[in-house]
Structures are given as structure tokens and as C-alpha cells.
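Examining the three-dimensional arrangement
As a plain string of letters, each chain reads:
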Amino acid sequence: MKGKGSWIPLLCLLSTVVLANEYVPLPGGPFHSSLRFGDNGGEVVVEGYQLMSRPVREAEFLAFVQAYPQWRRDRIPRLFADAGYLSHWDRPLAPRPGTLNFPVTRVSWFAADAYCRARGARLPAWLEWEFAAAADARQTDARDDADRRRRILTLGTPGAYRDAGESMPNVYGVHDLHGLVWEWPWDHASMMAAADSRNVDTENPLRYCGGSALAFSDRRDYAVIKRVALLSALSARTTLSNLGFRCAKELP
Amino acid sequence: MKSGVTSHTVLKQLAGGIALALLLSGCTTGKTASEAPLPVEQAQLTAPPVVPPPISRKGPAKVVVDLEMVEQEMRLSDGVTYEFWTFGGTVPGSFIRIREGDTVEFNLKNRHDSHVAHNIDLHAVTGTGGGAEATFTLPGHKTQFTFKALNPGLYVYHCAMAPVGMHIANGMYGLILVEPEEGLPPVDREYYVMQGDFYTEGDHGEPGLQPFSLEKAVDEHPTYVVFNGSEGALTGDGALTANAGDKVRLFVGNGGPNLVSSFHVIGEIFDRVFYEGGSKYQENVQTTLIPAGGATMVEFTTDVPGNFILVDHSIFRTFNKGALGILSVDGEMKPEIYTGQQFSGEYPEAEGGR
């Protein structure tokens, strides 16, 4: 019995060869966001939450699409995803060989949202992503580390793909917040605030040259500025070859 | 006499009638012209240092521009590469040539393997953001807007996506020429040259793929200052060429992002400088300032053969950071203009010298 019991997980491992994707707890607390929210200058309090230790991978998303065929690329309404949705897969239920551990990309916000809901979770808010991403392997807020800034600024460029979760986890046990792919936040559509269209200066500050200074509380955090500039351009049905996601949920 | 008066009156009436008819037909013609669809043509874009041919049209057209934004690793110097962000796959980006009064349909694509969104702000555009607000373009997406070229001149275009300095520092700029209605005077050679400053983590010459240095960019301490996107782009096989006696026009831009260029060609005097890319020219100029995000047109005749060196006369940039190009001129020596060396030797020290 003992021998059989130990064989079962090993067989699972061999057949799927997918690394575990656990939720890890993050304590939250007072946090200085690189984005300005209203008048608070970026000072916020993040509630405690749990976050997937790795981005959702191709194998995991394949299982989701098998279980919920309405999210297959050949069945999804165009309202919920553009034509690029899972277009890199060989067939509607067949990712390319050798990519099962890659982070899934070319998924719309709607599909990412549905995946997390189906797993009893949700997409993380931008602040939850940013809170987790501020940490490195040794400290909870490593954003003033000049070497780290340099490193993460050039990550995420073409050719950065590799298996998700290969890199060192940060102090919370979260992998790959930088470098592999951009990730959908739950609240991407409200990140740029200012729905008042009477003043073009505030309507979409990121679209203009000088505008970038308006929305960011830390003008030197270019890794975040670059990321937000991209996220703010997305609509919920957009898919990109370098955009994936991970899920979050409340603390137990 | 009476008949004469009568005939005069008739003539006057006739003339009036003809004038009226002309006026009416003029009106009709004008109306037809404005309603007639503009001829449509595809803009011919060129990679530096090549410039598209002059526009021979005598009237406005609808010009379609298709430009793709590409992020790719390219040579910055010998043994040094950089992840450039480009308009059309080159630094500077593709040269666009249109005519005053043209209506331009601008189609912008961001290649699928780009990792960030881009847009374009053309200084030749009259309208919000110079087109930037209309061209927020995700990887794998395309956007379109249309503008009318109201003002002739030589203009810079660049990406204005946040963080804008990084997009420009990575090479996202180029030139668009709006020819005046009457065209530019014919010349024998036209070239496209654009200066840019680059900021790398490694020192000048440190080999390998060099990442962008935000600190150096913010401090305005470039590692490289180059013409046409890399050290040596305009030397050796890349040198510009002309024959002695040619009339040469250089379209020179400065993408920045930070430095102002003191543009000078060693051994030449600019006959005309259309300073700041505008409509007026100064004559007989040695060195001309080109602001970051600005351009200039210079014209000169290559009277004698030789290698004429394009520099930023803030001269450490030339000798230490790469701002050097060559215009190689072939032809017969003209000793009445320039002899070359006539003597070299010692001379006796003056009596009582130290």
C-alpha cells in the first residue's frame, strides 16, 4: 500500500510534468504605490490576500478550457476575446509541444477572470500585484535597490520566455512577477482614473509626452511605468503574446 | 461715331459677359475640383541615409503611409548591441516625404513580438498630440488617423508613449518632410542623417548586449552620441558619397532625447541652412544648432574632392562617443580652391630664441 501510494503522485508528475502552483499568503499593510490614486500621493493600505506563486501555465489553462469548452478559441464569442485568443496553440485543445510549463498568454481579461472564478478565486487588483512585486528574495520592499531596478527594467523583452517558476521566489514565495510576461490585474480598466472627458489633459495622461508625470508618484520607477502604459491600453477582450495572469483570493 | 459708341458698348457688354462666364466657369471649376476625390498614392518610405525622390505632383493627393514599429536587437558599435525600438526597423525611422496640402492617411502597426505599446507624435501634424492620442497601439495591433499637412518644413516624428524618454532613447524617432507647394530646388544628392544620444549600463565600447541605463538618461550623460543609430553608420561602406561639383542637400534631424547638436561638416561651408527646418535660410554657415526634437536642411556644393567629416562640434561627442560621419567626394583636384599640403619641413629658430 505504501509503495502504491507513493507511485501515484510520481505518475501524475510524469504524465503532466507541470510544476505545482500554490497560493501563498501575503500580509498586506501600508504601501507606497508607484501610481497616484486621487489625493493620497500613492500612500495606500493593502489588505492581506493570497496570490498564486506562479503565473497560470499553458497546461493549467488547457485543463480549464477542457472543463469549460465555451472558452475554447473556436467557441468563444468575439465579444470576450479578440482573434488572437490562444491563436498560438496548434489546435483548440492542443498547446504547442514543450510549452506546458510556459505561462499562458494570448488570453483576454474575460477569460482570465473566468479561469480564476472557476477556481474559486479572482484576478489580483493592481495594488496586490504591485505589493507582491515590490519584494525580492530578501526584503518586502526592494524597489530602492538600484541594481534590481536596472535588472527588471530590461526584463519582459522578446525572447524572455522560459518555464514559469524557474526563477527565485521572493520573500513571500511568489515567482516571476517580473520578466516572464505582463499580467492582467482585475482592475486594469480603472487604473487610469479620470473619467471626466471635458479636460483632455486628465482624460488619458499616458498618451501624451509630458503626461506620464501626472499619473506616477515615482517617476523613476520605469519598470512600473512601462507596465502601466501597456495595461492602460488594453480593453478586456485584448490578447497579447506577452500577456498572461495569475489568480488571487482572500486570506482563509 | 455713334456706331462706334454702340460697338464700344457692345464690346463692353461682351467683355462683361465673357468675364461673367469666366467667373461662373471659374466657380464651377473650383467647386468640381474640391469635390473631386484626391488622387491616392502610397508613400514610398526609405531607410536612412536614403531619401525618397522629390515629389513631382503639382497638386495635393491623399497619401497613404504604412509604418510598422519594431523592437529588435541591432548593432550600436563594434561588438556592442542594443535592444532598439524603431519605426520601420531602422534608427532613425523611415523617411516620409509628402507635399504641403496633402491629406495623409497614417496607418501604424506595432509588430506582434513587441513587448510594449507605442504611438507616434509627428511634429508635422496640427492636432491633439500630433497623432499620439489617435495611435495608442498595442503589440499585434494597428491604428489609423488622417491629417492634412498644413505647413511645409522638415519635422521630427517620435514615439510619445509613457515613459516617453525611454521610447525616444531607444531610437523611436525619424523625419517627415513636407515639401512646399512649389517644391524644393533640384539638387544632385539628398541624404537623411539623424543624431541621437544613447544610454547604456556599460561604458562606451563595453561589448555585448547593453541594457538601457535610466540613471545616465536622467542625468543626461550619454554613453554614445551617434549619427543614424550606430557608431560608424556613416563611415567605411556606409559613408555618404558625392562627386565634386555636386549640389548636396542634407536633411539632418536630432532625435535627442537630451542633447542639442552643434552640427558641422569639416571642410565645408553650408551655402544655405534652412535653420530649424523652416522656410527661411541663412547663408554661409559653419555650424548650425539642431535642437532635440528638431531638424535642419543644409545645402552646399562639393567644390573639391576629399573626405568631409560630419560632426557634432561639441567635439568630445565626436572623438569619444561616436558622433562622426563621412561624406566622401570623388573628382579632380582643384588647386585654385584648395592645394593640399604645399610644404612641410623645419624652419630655423629665430636668433636669440630660448
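What counts as what
Residues numbered from 1 in each chain as written. Chains lettered and ligands numbered in written order. Predicted model: local features only at pLDDT ≥ 70, side-chain atom pairs only at ≥ 80, totals over all residues. Heavy atoms only, no water. Pairing = 2+ DSSP bridges. Helix = DSSP H or I, 4+ residues; strand = E, 2+ residues; numbered from the N terminus. Contact = heavy atoms within 4.5 Å. Buried area = accessible area lost by both parts, 1.4 Å probe. Salt bridge = Lys/Arg side-chain N within 4 Å of Asp/Glu carboxyl O. Polar contact = N/O pair within 3.5 Å; in protein donor to acceptor, adjacent residues only side chain to side chain. Buried < 20%, exposed > 50% of the residue type's maximum accessible area, 1.4 Å probe, protein only. Axes fitted to C-alpha atoms, helices over the stretch in contact; angles between N-to-C directions. Disulfide = S-S within 2.5 Å. Core = buried A, V, L, I, M, F, W, Y, C linked by side-chain atoms within 4.5 Å. Phe/Tyr/Trp six-rings, centres within 6.5 Å; stacked < 30°, edge-to-face > 60°.

- An unreviewed UniProt entry annotates chain A as Sulfatase-modifying factor enzyme-like domain-containing protein of Alloalcanivorax balearicus MACL04.

**Some words on the sheet that holds strand E9 (residues 173-179) of chain B**
Residues and elements named next belong to chain B.
- Strands sit in the order E4-E9-E8-E6 across an open sheet of four strands; the sheet is mixed. Because the sheet does not close on itself, it has two edges, and the strands there are strand E4 (96-99) and strand E6 (121-122).
- Of the strand pairs in this sheet, E4 and E9 are connected by four bridges, and their pairing is parallel. Paired with arginine 99 across the two strands is glutamate 179, which belongs to E9.

**Some words on the interface of chain B and chain A**
- On the side of chain A, 30 residues touch chain B, which itself brings 32 residues to the contact.
- Both sides of the chain B and chain A interface together cover about 2,600 Å² of buried area, and 68% of this is carbon and sulfur.
- Our count for the chain B to chain A interface comes out at zero salt bridges.
- For the interface between chain B and chain A, the tally reads three residue pairs in polar contact (both at pLDDT 80 or more).
- Going through the elements one at a time, strand E3 (80-87), helix H2 (164-169) and helix H3 (214-219) of chain B are the ones with two or more residues in the side of chain B that touches chain A.
- Among the elements that make up the side of chain B that touches chain A, the one with the highest residue count is H3 of chain B (four residues).

**Considerations on the environment of arginine 117 of chain A**
- If you trace the backbone, arginine 117 of chain A turns up in helix H3 (residues 109-118).
- Arginine 117 of chain A gets classed as exposed once you look at its relative accessible area, which sits at 55%.

**A closer look at the sheet that holds strand E13 (residues 240-243) of chain B**
All names here are of chain B.
- Taken in spatial order, the five strands make up an open sheet running E13-E21-E20-E15-E18, and their pairing is mixed. Edge strands, defined here as strands with exactly one partner in the open sheet, are E13 and strand E18 (287-290). This sheet shows a mean twist of 20° between the axes of neighbouring strands, independent of strand direction.
- Bridge count for strand E15 (residues 261-266) against E18 is four bridges, and the pairing is antiparallel. Bridging across to E18, serine 261 finds its partner in isoleucine 290.

**Concerning the state of the cysteines**
Residue and element names in this part refer to chain A.
- Tallied over the entire structure, the rule returns one disulfide over all chains.
- In this model cysteine 116 forms its disulfide with cysteine 247; the gap between the sulfur atoms is 2.1 Å. On the S-S bond that ties cysteine 116 to cysteine 247, the torsion sits near -85°, and the link is left-handed. In this pair, cysteine 116 is assigned in helix H3 and cysteine 247 in the loop between strand E6 (243-244) and strand E7 (248-249), connecting sequence segments 131 residues apart. Residues cysteine 116 and cysteine 247 agree in their burial class; the two are buried.

**Here's the deal with the nonpolar core**
- Judged by nonpolar contacts, the single largest core of 119 residues is most densely connected at Phe61 and Phe245 of chain A together with Phe106, Leu122 and Phe147 of chain B.
- Element by element, the count of residues in this core is highest for helix H8 (residues 222-231) of chain A, at seven residues.
- Not counting residues within four places of it along the chain, the set of residues in contact with phenylalanine 245 of chain A comprises Pro55, Val56, Phe61, Val104, Val107, Ala112, Tyr115, Cys116, Leu123, Glu183 and Trp184 of chain A.

**A closer look at the side chain of glutamate 179 of chain B**
Residue and element names in this part refer to chain B.
- By the secondary structure assignment, glutamate 179 is in strand E9.
- Judged by its relative accessible area of 2%, glutamate 179 falls in the buried class.
- A polar contact is formed between the side chain of glutamate 179 and the backbone nitrogen of isoleucine 55, at a distance of 3.1 Å.
- The contact partners of glutamate 179, leaving out residues within four places of it in the chain, are Pro54, Ile55, Arg97, Ile98, Arg99, Glu100, Pro152 and Leu184.

**Digging into unusual backbone geometry**
- Omega for the bond connecting proline 48 of chain B with proline 49 of chain B falls within 30 degrees of zero, at 10°, which places this linkage in the cis form.
- Cis geometry is found at the peptide bond from valine 91 of chain B to proline 92 of chain B, where omega equals -5°.
- By the element assignment, proline 92 of chain B lies in the loop between E3 and E4.
- With phi around 50°, leucine 86 of chain A is a residue other than glycine that occupies positive phi space.
- When you line up the elements, leucine 86 of chain A lands in the loop between helix H2 (58-67) and H3.
- Overall, leucine 86 of chain A belongs to the buried group, its relative accessible area being 0%.

**Topic: the pairing of E9 of chain B**
Residues and elements named next belong to chain B.
- In terms of residue burial, E9 counts as a mostly covered element, since seven of its seven residues are buried.
- The alternating pattern of E9 places Tyr173, Leu175, Leu177 and Glu179 on one face and Gly174, Ile176 and Val178 on the opposite face, and all of these are buried.
- Bridging between strand E8 (residues 153-158) and E9 involves six bridges; their strand directions are antiparallel. Each bridged residue has a counterpart across the sheet, and for glycine 153 the counterpart in E9 is valine 178.

**Some words on H8 of chain A**
- Extensive coverage of H8 of chain A is indicated by the burial of ten of its ten residues.
- Listed as buried for H8 of chain A are Tyr222, Ala223, Val224, Ile225, Lys226, Arg227, Val228, Ala229, Leu230 and Leu231 of chain A.

**So, the environment of histidine 32 of chain A**
All names here are of chain A.
- Along the chain, the position of histidine 32 falls in strand E2 (residues 29-32).
- When the C-alpha atoms of histidine 32 and threonine 99 are compared, they prove to be 36 Å apart, with 67 residues separating the residues in sequence.
- For histidine 32, the side chain forms a polar contact with the side chain of glutamate 43, separated by 2.6 Å.

**Describing the environment of alanine 121 of chain A**
Residue and element names in this part refer to chain A.
- Positionally, alanine 121 belongs in the loop between H3 and helix H4 (126-133).
- On the accessibility criterion, alanine 121 (12% relative accessible area) is buried.
- Along the backbone, alanine 121 and glutamine 50 are 71 residues apart, and their C-alpha atoms lie at a distance of 9.5 Å.
- Among all residues touching alanine 121, those that are not within four sequence positions of it are Tyr23, Cys116, Cys247, Ala248 and Lys249.

**Structural notes on the packing of aromatic side chains**
- Here the structure, examined in full by the defined rule, presents 26 aromatic pairs over all chains.
- An angle of 90° between the planes, with centres 6.0 Å apart, marks the rings of phenylalanine 227 of chain B and phenylalanine 263 of chain B as edge-to-face. Separated by 36 residues along the polypeptide, phenylalanine 227 of chain B in strand E12 (residues 224-227) and phenylalanine 263 of chain B in strand E15 bring together distant segments of the chain. In this pair, the class of phenylalanine 227 of chain B matches that of phenylalanine 263 of chain B, namely buried.
- Pairwise contacts between aromatic rings join Phe61, Phe64, Tyr68, Trp71, Phe80, Trp109, Phe110, Tyr115 and Phe245 of chain A into one cluster.

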